[in-house]
Amino acid sequence: MQNEIKSIVFIGSGNVATNLACSYYSKGLKILQIISRNISNAEVLAKCVKADFTDQLSEINTTADLVIISVNDSSVQLIAESLQLKGNLVVHTSGFLGMNILQNTSERYGVLYPLQSFIKARMIELRDVPFCIESENPSDLELLEQFARKVSYTIRYIDSQKRIQLHLAAVFACNFSNYMYSIAETILTKYHLSFDLLKPLIVETAQRTGTISPSAMQTGPARRNDTQTINEHLKMIDEEEFREIYALISKHIIKKYHAND
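Since this is a predicted model, take the numbers as computed values, not measurements.

Focus: the pattern of salt bridges
Move 1: Applying the stated criterion across every chain yields a total of 11 salt bridges.
Move 2: Linking Lys-150 and Glu-4 is a salt bridge whose minimum nitrogen-to-oxygen distance equals 3.1 Å. Here Lys-150, found in the loop between α4 (138-149) and β8 (155-157), pairs with Glu-4, found in the segment before β1 (7-11); they are 146 residues apart in sequence, far enough to count as distant.
Move 3: In this structure, the salt-bridge partner of Asp-226 is Arg-224, at a minimum N-O distance of 3.8 Å.
Move 4: Exposure remark for Asp-226: the relative accessible area of 22% places this residue in the partly exposed category.
Move 5: Residue Arg-224 is classed as exposed on the basis of its relative accessible area, which comes to 53%.

Here it is as structure tokens:
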């Protein structure tokens, strides 16, 4: 059994694959190959990490110590069913999919899930990003831990059920909150105001979570049960979907903090 992961094949060339490939390349690991159905994206990433590239899964370099499947969730199943590997450790990076989706791909399989939001335009320093790992094979789990520690200080053994629950919470914390930012940006643009004005508020709110429970630091009109301000805000919102979101969230905040009023 190998005692270290030194070479990697990435299946995928999107946000997560790009950030991981570049991070591990910077740590001196060998990125052997980028495989992506978008050959242009594969070429761009391959050039960054001095790897070969292809859009054909059948051309996979089977000498890799680790194969990382980093594609959208709906594509993982198709790739898993198409790959038949022997001896290679294969992982996916999904927060939602179970580990066993890979059980027929190789006798060695697992999960390497970096709990972070990635975009290609901004490479993230991974040292504070939690890496959630899983494998039924204790030796492979140890390998994945060593591999993850090359870029991150925070490694957690989390099984598929717990990881899915974690992913659900992450959608609320990240994806939904970002959509709120986009709503705020739309409103500000309508009134010819800059989104930059909100950035200190956003940063301060995020930083507070380091020391204060989100439940304890809730503020705003709904927290105060200030129905007059809430109603005035609702009158100002022209977009029906935004108005529905404002009303629904305000309703739930009031229910949480003023149930006994």
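Regarding the packing of aromatic side chains
Move 1: This structure, assessed with the given rule, holds two aromatic pairs.
Move 2: Relative to Phe-176, the ring of Phe-172 has its centre 5.0 Å away and its plane inclined at 75°; by these criteria the two rings are edge-to-face. Taken together, the residues span about one helical turn, with Phe-172 and Phe-176 both in helix α5 (residues 160-190) at a distance of four residues.
Move 3: By relative accessible area, Phe-172 is classed as exposed at 54%.
Move 4: Of the residues examined, Phe-176 reaches a relative accessible area of 41% and is grouped as partly exposed.
Move 5: Taking NZ or CZ as reference, Lys-256 lies 5.6 Å from the ring centre of Tyr-257, over its face.

Points about the packing of helix α7 (residues 227-236) against helix α8 (residues 240-257)
Move 1: Where α7 meets α8, the axes come as close as 10 Å, and the angle between the chain directions of the two elements is 165°. Comparing their axes, α8 and α7 come out roughly antiparallel. Between α7 and α8 the crossing geometry is right-handed. Taken together, the residues of α8 that come into contact with α7 (itself represented by Thr-229, Ile-230, His-233 and Leu-234) are Arg-243, Tyr-246, Ala-247, Ser-250 and Ile-254.
Move 2: Across the contact of α7 with α8, the residue classes break down as five nonpolar, three polar and one charged.

About the criteria used
Residues numbered from 1 in each chain as written. Predicted model: local features only at pLDDT ≥ 70, side-chain atom pairs only at ≥ 80, totals over all residues. Heavy atoms only, no water. Salt bridge = Lys/Arg side-chain N within 4 Å of Asp/Glu carboxyl O. Helix = DSSP H or I, 4+ residues; strand = E, 2+ residues; numbered from the N terminus. Buried < 20%, exposed > 50% of the residue type's maximum accessible area, 1.4 Å probe, protein only. Phe/Tyr/Trp six-rings, centres within 6.5 Å; stacked < 30°, edge-to-face > 60°. Lys NZ or Arg CZ within 6 Å of the ring centre and 35° of its normal. Axes fitted to C-alpha atoms, helices over the stretch in contact; angles between N-to-C directions. Parallel < 35°, antiparallel > 145°, perpendicular 65-115°, else oblique. Left-handed = near helix turned anticlockwise from the far one by under 90°. Contact = heavy atoms within 4.5 Å. Nonpolar A, V, L, I, M, F, W, Y, C, P; charged D, E, K, R; others polar.

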